[in-house]
Amino acid sequence: MGEQGNHPVVRRNVNVIRDPPRQWFVDYLPVTGNNQIELLVDGDDYGKSLHAALMGAASEVMLTGLHFQPTYRLLRGNGHDLNPNHPATLLNTLRKVAQKGVTIYLLVNQFWVDEWKVGDPIRKKIKKEGHIDWYLPETSALFVGLKDFPNVKCRTDVHPGFVMGTHHQKTVIIDKKVAFVGGIDLTLVDGDRWDNPKHEIPPAPPVGLAEDSDGLKSYGPADNRCFSLPEHFWHDVQCKVQGPSVQFVLDNFHARWNHGRLFKNMAYKEKMRTRYVHMGHGEVYPVKYLDKYYEAEKVGDERQMFPRLDVGKQVYQDRMRNKKSIHLREYAKKEPPPSVEKSGIDSVPNLPGTKIQVVRSMPSSQYVDGKQKPVWDLSDKKWERSCKDAYLIAIRAAREYIYLENQWISDEHIWAELKASMRRNRDNPDFRIVIMLPRRPLAAAGYGSDQDIDLRPHVKGVMAETKSVDQFGMYCAVAPLPATRRDNIALSDADKKEFGPDTAQIYIHSKVLIVDDCWSLIGSANAGGISLLGVFDPRKMFTTGTGSVPDTELSVAVYDKAFGKKFRETLWKEHLEGAVPGAVPAAADMFRDKMADPKARVQAAVLFRDQNAKGGEATRRIPPYVMAQMREHSDITASRAGAVSLRPDSGVSFTCSAFQPGPLYTLHYRWVLEDQTGKRWYIRALETDRIVHKYGPEHIAYIPSKTAAALRRAFPGGGKAKLLCRVLVTPKGLKPKASSAHDRDYGVLVELPITMTPN
């Protein structure tokens, strides 16, 4: 696939069908072996690991992030340690590192609260001069707090465009040997990113919310959104990586730094000034006023530039030169061929240990030190969108389960792959797709409405392909509030309505995909538009993300069976509040069982709940493809050959042959005979002799002799009638009600014309 005008098109044929594990990786990027990876779930784990690594740094530390906050505490005690001079705040920790002579590089997102105002002169200053104080006083305070250290360098990064692309990567690199990658920002903006798997709030409200010297509250800036409370539960994932893959995270930082702008702190100042007011008739009055303005102050080293990575021999590289001899799994193809021809140096299966591929979302052009695309990206595209390709490849390869945990899941191609994966695996009763996401993804992230992404058609499409109610589920997470805290925590109206006044959502911010207990993805890239493709058409920015200015993202794709299994079990144990069964289907089904309990942590996601709520209990879970097969392959046949007629010596039985959807479903039959006036006559089942005007299991019925005689008397000259059978399908174990308003949707009406012969 190529570029179509200004609209980038995702590579839909990126998955080369080869022996595992090659099929799990993007074909135009290197894969490294012999890595070590440590899982860090929630801010508590990450804070402890990062603090220890920072304190052990010997030469250099490189940090990227969306926000940095000086008062963010990497280490927490009982939740009340709010002193701005706490030794483990980000600012104090970095000061200790800098005092040892370690060089620190801080690279932060550079954008502005009113970025939509295209013609605003402040926007131009942000894009050209690196100002950040208007939007991020927290980060500005951190930079200023470190300005006395000449070995601390600070820069900002942005992609100018219709909507300025966010620098969204969250990485830390220490001594070129250790890299932290994931979704956790070191900030309190939009919510405190620190939490632990228990998701508990101390029974007493925090005390000592003192302001530091910069006027910033220790728990974060003032915010009129109730989602930004310090008590906001926050679930996220980071990982610590060591080995050859660290060099690719390092090279990414070098590229971003080289592109970044010199940081300028816009110092806030006040000065009394005089303006003259003309009152007419030559009268002029001087008016004193207080002028409030910003003045730029340079901080950092504008000349610092890094060399780019030259891929070494120890790194796997399939150069894919002879593409004609390689079979590519295209977007529309259903199944790969049993074997394919190989080309190039295909050594991934032989790589030792944990295999890792670094994937990114990165725009083209606008770069100081050559093009952004590194030498190790062998695609023919001008920019990199391997984060999206990684999502698509893994979902296509799934044969056992897909677990997607993400802040946004709005990309239409990812949903299309989920639907195709369900269709491909629906005959496997153990196949599962489990999705975990926030209850209110966009509003909780600061947007005005969750309707910017309407996933209903996508959810409905995946559910339509399921063969069992258990194969697909979408969930969110909640946590209780102590009774002593309910008065001082401002829940949103939506949360109060949804969960009651004593429960709040656990905000799912992670960007995680795990497939078949062997492949996993951890990073900063949401499964949505601006994280994957950028923004060209603002009407589609939260769905397709079609555009030319994406957020910068970085994730790691990991192939390691032991790690994948541990990763899934760790997350599921947290969400399900305890040990999980070893078998994936049984563990996945616990999510559905939990959501039936209003006090459980796991609850049905809004769209999934609404979709499930449609229809009665006996009919709401039947996939449309089952009904389509029922309508096409159901009919009534008579035991007597030839035209069916009602004669004195009738003795004929009728069999309804309906499509059999398999052992997961039950068919129910309801029979009736209707004469030419519309009057209905009851008939009986052949085996049980039960009158079958209500649903039952009998698929063979007959017209009793008394009914036949009564019909002949009612129509002595003969006439027309029809035999009707309504076949209703339900999930196994569910019985239909005596009458159901949903019969027409989940039942098939089959009829057979009958001729009534004259007496």
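The present account deals with the structure reproduced in this document. Being a predicted model, the structure only gives us computed values, none of them experimental.

Criteria and cut-off values
Residues numbered from 1 in each chain as written. Predicted model: local features only at pLDDT ≥ 70, side-chain atom pairs only at ≥ 80, totals over all residues. Heavy atoms only, no water. Helix = DSSP H or I, 4+ residues; strand = E, 2+ residues; numbered from the N terminus. Buried < 20%, exposed > 50% of the residue type's maximum accessible area, 1.4 Å probe, protein only. Lys, Arg positive; Asp, Glu negative; His and termini not counted. Salt bridge = Lys/Arg side-chain N within 4 Å of Asp/Glu carboxyl O. Contact = heavy atoms within 4.5 Å. Pairing = 2+ DSSP bridges. Phe/Tyr/Trp six-rings, centres within 6.5 Å; stacked < 30°, edge-to-face > 60°. Lys NZ or Arg CZ within 6 Å of the ring centre and 35° of its normal. Axes fitted to C-alpha atoms, helices over the stretch in contact; angles between N-to-C directions.

### What about the side chain of Glu553?
Phase 1: In this fold, Glu553 is placed in strand E22 (residues 553–559).
Phase 2: No salt bridge forms around the buried Glu553; measuring N to O, its nearest opposite-charge neighbour Lys170 is 6.1 Å away.
Phase 3: Beyond its immediate stretch of four places on either side in the chain, Glu553 contacts His168, Gln169, Val359, Arg360, Ser361, Met362, Cys387, Ser524, Ala525 and Ser531.

### A look at unusual backbone geometry
Phase 1: Here the phi dihedral of Asp175 falls at roughly 55 degrees; this positive angle occurs in a residue that is not glycine.
Phase 2: By the secondary structure assignment, Asp175 is in the loop between strand E6 (171–174) and strand E7 (178–182).
Phase 3: Residue Asp175 is classed as buried on the basis of its relative accessible area, which comes to 16%.
Phase 4: Positive phi values are uncommon outside glycine, yet Asp516 reaches one of about 55 degrees.
Phase 5: Relative to the elements of secondary structure, Asp516 occurs in the loop between strand E20 (511–515) and strand E21 (519–523).
Phase 6: Overall, the relative accessible area of 11% leaves Asp516 in the buried class.

### Some remarks on the environment of Cys656
Phase 1: Assignment of secondary structure puts Cys656 in strand E26 (residues 653–657).
Phase 2: Expressed as a C-alpha distance, the spacing of Cys656 and Glu751, which sit 95 residues apart in the sequence, is 9.3 Å.
Phase 3: With near-sequence residues (within four places) excluded, Cys656 lies in contact with Asp635, Ile636, Tyr669, Trp671, His699, Cys725, Val727 and Val750.

### Structural notes on the environment of Asp635
Phase 1: Note that Asp635 resides in strand E24 (residues 635–638).
Phase 2: A relative accessible area of 39% places Asp635 in the partly exposed class.
Phase 3: Excluding its chain neighbours within four sequence positions, the residues that come into contact with Asp635 are Thr655, Cys656, Ser657 and Val750.

### Quick look at the pattern of salt bridges
Once the charged atoms of two side chains with opposite charge are near each other, the side chains can pair.
Phase 1: Throughout the structure, instances matching the rule amount to 15 salt bridges.
Phase 2: With a shortest N-O distance of 2.7 Å, Arg426 and Glu465 are connected by a salt bridge. Taken as a pair, Arg426 in the loop between helix H7 (412–425) and strand E17 (432–436) and Glu465 in the loop between helix H8 (456–464) and strand E18 (472–480) lie far apart in primary sequence, 39 residues in all.
Phase 3: By relative accessible area, Glu465 is classed as buried at 11%.
Phase 4: Notably, a salt bridge pairs Glu674 with Arg680, separated by 3.2 Å at the nearest N-O pair.
Phase 5: Taking the relative accessible area as the measure of exposure, Glu674 reaches 13% and is therefore buried.
Phase 6: Residues participating in the shared-partner salt-bridge network are Asp517, Lys565, Arg568 and Glu569.

### A short note on the pairing of strand E31 (residues 719–731)
Phase 1: In terms of residue burial, E31 counts as a mostly covered element, since 11 of its 13 residues are buried.
Phase 2: Both strand E27 (residues 665–675) and E31 contribute to a ladder of 11 bridges, which runs antiparallel. Bridging across to E31, Leu673 finds its partner in Leu723.
Phase 3: Where E31 meets strand E32 (residues 747–756), 10 bridges bridge the pair, whose relative direction is antiparallel. Its bridge partner being in E32, Leu723 is matched across the sheet by Leu752.

### Regarding the packing of aromatic side chains
Phase 1: With the rule as written, the count across this model stands at 12 aromatic pairs.
Phase 2: An aromatic cluster is defined as three or more aromatic residues linked by ring pairs; in this entry it consists of Tyr401, Tyr403, Tyr475, Trp572 and Phe591.
Phase 3: Seen from the ring of Tyr72, Arg76 lies directly overhead, with NZ or CZ sitting 5.1 Å from the centre.
Phase 4: Looking at Arg568, its charged tip hangs above the ring of Trp572, at a distance of 5.0 Å from the centre.

### Considerations on the sheet that holds E26
Phase 1: Spatial ordering of the open sheet is given by E24-E26-E30-E29, a layout of 4 strands whose pairing is antiparallel. Strand pairing shows two members of the sheet lacking a second neighbour, E24 and strand E29 (684–685), which therefore form its edges.
Phase 2: Strand direction decides the pairing type here: E24 and E26, joined by 4 bridges, are antiparallel. Each bridged residue has a counterpart across the sheet, and for Asp635 the counterpart in E26 is Ser657.

### Here's the deal with the sheet that holds strand E28 (residues 680–681)
Either a parallel or an antiparallel arrangement is found when strands of a sheet pair, and the pairing is made through backbone hydrogen bonds.
Phase 1: A sheet is described by the order of its strands in space; here 5 strands give the open sequence E25-E32-E31-E27-E28, paired in mixed fashion. Here the strands that pair on one side only, and so sit at the sheet edges, are strand E25 (645–646) and E28.
Phase 2: Lying on the sheet, helix H14 (residues 624–632) is in contact with E27, E31 and E32; it crosses E32 at an angle near 10 degrees.

The quantities given are spatial measurements derived from coordinates; they are silent on function.
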